[in-house]
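Observations on the model geometry
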Amino acid sequence: MAQEIKLTMDGLLINWLKDVGDSVRASDIIAEFEADKATVEIEAGSDGELLELRVEPGDEVVEGSIIAVIGAAGESVDAPAPAESSPRPAAPAPSATATNGGSMTDDGRVKASPLARRIAADKGIDLRRVSGSGPGGRIVKADLENISLLPPSPPAPATAAGPQPTWGAQPQQDVEIIPLSRMRRAIADGTVRSMSGTPHFYVTIEADVAPLLEMRKEINAALAADGLKVSVNDMLIKALALTLREFPNLNTHYYGDRFVRHERVNIGISVALPDNGLVNVVCHDADTIAFREMAPANKAMYERARSGKIKPEDIRGATFTISNLGPFNIVDFSAIISAPEAGILAVSSARRVPVVLDDGSLGAGTRMHMTLSVDHRVSNGAEGAAFMNHLRELVENPLRLLDLRGV
Amino acid sequence: MPARNVAMREAIRRALREEMQRDESVFVMGEEVAWWQGTHRVTRGFLEEFGERRVRDTPISEMAIGGMAVGAALAGLRPVAEFMTINFAFLALDAIANHAAKVRYFFDGMMTAPLVYRAASGWGNQATASHSHAPEPIFAHFPGLFVGCPSNSLDAYGMLKTAIRDDNPVLFSESIALYPKPSPMPDEFDEDYLLPIGKGDIKREGKDVTLVAYSRGVDWALQAARLLERDGVEAEVVDLRWLRPLDMDLVYKSFKKTNRCVIVEESLPLYSFGSEIAALVQENMFDYMDAPIKRVAAADVPLPYSKEIELLALPDAQKVVNAVKEIV
Amino acid sequence: MRSPTKAMLLDWYRQMVLIREFEETCHRLYEEKRITGVYLHLYSGHEASGVGSMAALRESDHVITAYRDHGIALILGMDPKALMAEMMGKKTGSSGGKGGSMHLASKEHNFWGGYAIVGGHLPLAAGIALEARYNGKDDVTMTYVGDGATNNGYFHESLNMSAIWDLPVVWIIENNGYGMGTEVERASGQTELHRKAEAYGIKSLGRVDAQNAVEVYTVASKAVEYARQQGPVLIEHVTYRYRGHGVSDKQYDARDDMSAELKEWMELREPIKILRDCIESEHGDMSPVLAEHEATARRLVAEAVEFAEASPLPSGYDDLLRNTYVGSESVYKSDFSVGAGID
């Protein structure tokens, strides 16, 4: 029985690494896609022969599209017509062409009904990548019904789809014109949308991190034999995840007319990439997994991200995000929420500073500033303060980060 | 409740007769309503039953018919004034638009004109240009007047009864083409069958496209819906029944479901029913629009005499089907 | 018919000076822009036409007229305060500020209104008279119509209808010589307007000097009696307008020939003077009473102006939209109903 390979995100096909007729194993990487925030490798998913490739390098492909078929050698493939020429079924598969072809007007405007535009805006679908099945190639409701939800965007601010601000005349001399990379464009759209559409407020605390740094040494000493090493960030992720477990309202996403409360706590981790890139990888179930498991998994994700080999699951499912600039010797910063999440934790550097000791005398201590950005539509200042004090309690009493069954 | 098919003219006759029996202040006036028994036989037998006092033949004097109805209504009667055809109501447009519709307003509610203008409307049968109009939208233009346009017998019965009993002036347009058309009606009603002014009706349910129509347009829309069914398109037919007030709630509810709309009318295409409904839908339902709104109306031309080109100018079910197929 | 008693004559004098004071005050207020708008048709010069003819009516009779309606309203006893407030478009106006100068009415006085479309009220008059005939009452409908309106279709159709249905209408043509700026001679093939009745088989009582209230009353009394018992009847009142067609045509009336004509009418055929002379010749010097009526007129109109200027204007959408329709339970309204009005 032939297996269809479906793309689980929107992306641009960079390369086929296998060709029709090649035999593949389930774990083989068969394609590289450039998704909004990373290069993603696609695994075959099943053993067999690559029977058909349905998209070409350079094609923009929408989530849910079938990109390839794997089956027994010689097995025939039900020949589906290419999406753009298929007759309009009641529920057509979204087509997967590089541009939406017939759905553009002569002057380059996307032909889409007002309803389709609204659905696309709600679902975060870029209509330039959808092929329309309506009269004259118009994108209509049915073309969007089977595209699953991307993180919905807040009510549209002036981003790529809306009216552009006036930038003024572009200088022509002594400048280098650098086109936006796909990733940069996605970051631009996402941050502008979040910053202009999400009412941020901020809560900052200072925590004594000496005990945490001390304990990290002990843990790492214990794990050294296994070649494992826990980072400060791993510990803060754990502290954040356990705090979110106590404050489920912040592990909630905002969808305009409703809240979606997550049962899992998956922490997105902002990772800076070469060439001015940025991606949030995801530490799934950060509240329950042991450091022994978390530490190497995070490390592997960072490496995949930095080398452009990220897997789809590495970037999916974050419920809350942490951004850690600790290694860069900074005092303080705040971060932009990744909509529709309810907040983001910005972690600054641990610094040796003068402190007032318990006996009232001055001494030296190790302190770290952490700033929580919160979506005011979801929460409020009192909860933000309580959240951050709970987080401080955990950081300053790091034993509470350990699952007593082991690290 | 046993029901049998009744022609629309009989339903109107029955409503009018019952209202005259019920209320002494109701009387009919118009050209050929009495001795001739009604040009369209709606008042057949009335003279015999009610006498000359309440069944009044007028000379060919539309301005007087239009204005006297206002005066009689102001003074306390409930006139049902008939224009033999709606074409002749143009002669009375001043009385209708400037007086029937406005007396209440310019005297700030001091007076009311509870009257009904009945008019036979529509074109076809080689009636030729000046006798070929379905100009209900012209009358619906004026605040102060209500405009009813039934599409079948039972509606005509219930709508006319309400129109006669209501204290506001009503122009009641009866499609000549629908006069002989039978549709089911109970022999008797448990109580008065009164359809509210301004309430439309879903004449057929569907999910793919909304056909908005009134009067004879409903007939074409229903025929078109049956043709479309064969092609797997389920059309919903909204009969607005009244051009004023407009039951846009009903249109919007249907449109939210179908996201597509074709407006069907017998009248001319410019500044029309179709123009109005399309404008309202796009203003209020923009984010539900999945296709442009289409309009099916008569050709933009005075109607000719010769049969073949006359039919070419008129809307029909196939034209509705064609319009639907352009947007589904 | 009775001859007018002394009390009647004195009361007519009261009515006529009140009308004159009201109209001349309106004229002054318009000049001062305290009354605004483009339509203000004054009854100055016409007083005896209305006063004498309406004296022949009883309370249950009906009255309807065109846009030169202030005098009719005052004769019927409408409150000058509400009338002046209507001139100023005030909420306390007799039509709530929605009708203005041309749309005065009072249902309690069976005054069915002033109407602004020339001839448009004539079929309404026939319809009102039909109600009386229909219900077996002998109330008449006194209908004033200008000379200009006798040339349009409404006049023809309405008079014809009144004839064939024997409707109790007293048709009074107020012939002041001009339909706006067009002399009767340039507008009508039949310049003896009363003779138009013949075309419809309607009884005509001919021409009356309508500057003489007593003559007007005498003929109108016969007409009312005839209408009550038989059917429609027509009278032609010959009169003159002192303040032109309306406020919008002052230049036309300022022409030399018009000024001379006006001067002649005002000197020789002034209705208030004619009535005063009549009172004096029949009942001696009544000047204290007449002076008192004049003073009362000045006081009433001054109070009316004060009241009107102090009154609020209609405002907001509620005032704007109200009374487009009668609030009615048989009208279906949803949030999205269009064209249903407000209650």
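Everything below is about the structure printed above this text.
The following refers to the structure shown. (Residues numbered from 1 in each chain as written. Chains lettered and ligands numbered in written order. Predicted model: local features only at pLDDT ≥ 70, side-chain atom pairs only at ≥ 80, totals over all residues.)

**A look at the overall build of chain C**
What counts here: Numbering of helices and strands starts at the N terminus; helices are DSSP runs of H or I of at least 4 residues and strands are runs of E of at least 2. In this scheme every C-beta is placed from the backbone, and a residue whose C-beta has 20 or more other C-beta atoms within 10 Å is buried, one with 12 or fewer is exposed, and one in between is partly exposed. A pair of residues counts as a contact when their C-beta atoms, built from backbone coordinates, are within 7 Å of each other.
Helix and strand counts for chain C come out as 14 helices and 9 strands. Within chain C, the proportion of its 343 residues that are buried is 54%. Contacts in chain C between residues at least 24 apart in sequence constitute 75% of all its contacts with a sequence separation of at least 6.

**Topic: the overall build of chain B**
When its secondary structure is counted, chain B shows 13 helices and 15 strands. Counted over contacts in chain B with a minimum sequence separation of 6, partners at least 24 positions apart contribute 78%.

**Here's the deal with the environment of Val-238 of chain C**
The residue Val-238 of chain C is located in strand 8 (residues 233-238) in this model. In the structure, Val-238 of chain C is positioned 29 residues away from Asp-209 of chain C in sequence and 5.3 Å away in space, judged by C-alpha atoms.

**A short note on the packing of helix 5 (residues 232-246) of chain A against helix 7 (residues 381-396) of chain A**
Residue and element names in this part refer to chain A. For clarity, the cut-off: For every element, the axis is a line fit to its C-alpha atoms; helices are fit only across the contacting stretch, and the angle between N-to-C directions ranges from 0 to 180 degrees. The scheme is simple: roughly parallel for angles under 35 degrees, roughly antiparallel for over 145, roughly perpendicular for 65 to 115, oblique for anything else. Working rule for handedness: look at the near helix, and if it is turned counterclockwise from the far one by less than a right angle, call the crossing left-handed; if clockwise, right-handed. Side-chain classes are defined by residue name, with Ala, Val, Leu, Ile, Met, Phe, Trp, Tyr, Cys and Pro counting as nonpolar, Asp, Glu, Lys and Arg as charged, and the others, Gly among them, as polar.
Between helix 5 and helix 7, whose axes approach to 9 Å, the crossing angle comes to 135°. Between helix 5 and helix 7, the angle falls in the class oblique. Along this stretch, helix 5 crosses helix 7, giving a crossing that reads as right-handed. Touching Ala-239, Leu-240, Leu-242, Thr-243 and Glu-246 of helix 5 are Phe-387, His-390, Leu-391, Leu-394 and Val-395, all from helix 7. Counted by class, the contact of helix 5 with helix 7 contains 7 nonpolar, 2 polar and 1 charged residues.

**Considerations on the interface of chain C and chain B**
Think of interface size as the accessible area that goes away when the parts come together; that is how it is often given. Short version of the rule: Strands are treated as partners if at least two bridges between them are detected by DSSP.
Listed by partner, the interface residues are 45 residues for chain C and 50 residues for chain B. Considering every element that reaches the side of chain C that touches chain B, the biggest residue donor is helix 5 (residues 122-134) of chain C, with 9 residues. With 2 bridges joining them, strand 13 (residues 246-247) of chain B and strand 9 (residues 337-338) of chain C adopt antiparallel strand pairing. By the bridge assignment for strand 9 of chain C, Leu-246 of chain B is matched with Val-338 of chain C.

**Looking at helix 1 (residues 8-22) of chain B**
At 3.6 residues per turn, the α-helix brings residues three or four places apart onto the same side. Condition: The length a helix should cover is 1.5 Å for every residue beyond the first.
The terminal C-alpha atoms of helix 1 of chain B, which comprises 15 residues, lie 21 Å apart, in line with the 21 Å expected from a rise of 1.5 Å per residue. Taken as a whole, helix 1 of chain B has its buried residues at Met-8, Arg-9, Glu-10, Ala-11, Ile-12, Arg-13, Ala-15, Leu-16, Glu-19 and Met-20 of chain B.

**Quick word on the sheet that holds strand 1 (residues 62-65) of chain C**
Residue and element names in this part refer to chain C. Pairing is parallel across the open sheet formed by 6 strands, whose spatial order is 2-1-3-4-8-7. Looking at the sheet topology across the chains shown, the edges are occupied by strand 2 (111-114) and strand 7 (203-209). Adjacent strand axes in the sheet meet at a mean angle of 15°, parallel and antiparallel pairs treated alike. As defined by bridge partners, strand 7 adjoins strand 8 across 5 bridges and the pair is classed as parallel. Its bridge partner being in strand 8, Val-208 is matched across the sheet by His-237. Here helix 5 sits on the sheet and contacts strand 1, strand 2, strand 3 (141-146) and strand 4 (169-175); the angle it forms with strand 3, its principal contact strand, is near 170°.

**Quick word on the packing of helix 3 (residues 62-74) of chain B against helix 5 of chain C**
Axis angle and axis distance: for two packed helices, these are the angle between their axes and the distance between the axes, and together they describe the pair. Direction vectors running N to C along helix 3 of chain B and helix 5 of chain C enclose 50°, while the axes themselves pass 6 Å from each other. Relative to helix 5 of chain C, the element helix 3 of chain B is oriented oblique. Relative to helix 5 of chain C, the crossing made by helix 3 of chain B is right-handed. Facing helix 3 of chain B, whose interface residues are Met-63, Ala-64, Gly-66, Gly-67, Met-68, Ala-69, Val-70, Gly-71, Ala-72 and Leu-74 of chain B, helix 5 of chain C presents Pro-123, Leu-124, Ala-125, Ala-126, Gly-127, Ile-128, Leu-130 and Glu-131 of chain C.

**A closer look at the nonpolar core**
As a reminder of what qualifies: In this usage, the nonpolar core is the set of buried Ala, Val, Leu, Ile, Met, Phe, Trp, Tyr and Cys residues whose C-beta atoms join them within 7 Å.
Ile-267 of chain A together with Tyr-117, Leu-211, Ala-221, Val-320 and Val-324 of chain B are the most contacted members of the largest nonpolar core, which totals 300 residues. With residues up to four places along the chain from it excluded, the contact list for Val-320 of chain B reads Leu-211, Trp-220, Ala-221, Ala-224, Val-262, Val-264 and Val-296 of chain B.

**Considering the pairing of strand 6 (residues 48-53) of chain A**
Residues and elements named next belong to chain A. Where strand 3 (residues 23-24) and strand 6 come together, 2 bridges link them in antiparallel fashion. Of the residues in strand 6, the one forming a bridge with Val-24 is Gly-48. Two elements, strand 6 and strand 8 (residues 66-71), share 4 bridges in a ladder whose sense is antiparallel. When the bridges of strand 8 are listed, Glu-49 appears paired with Gly-71.

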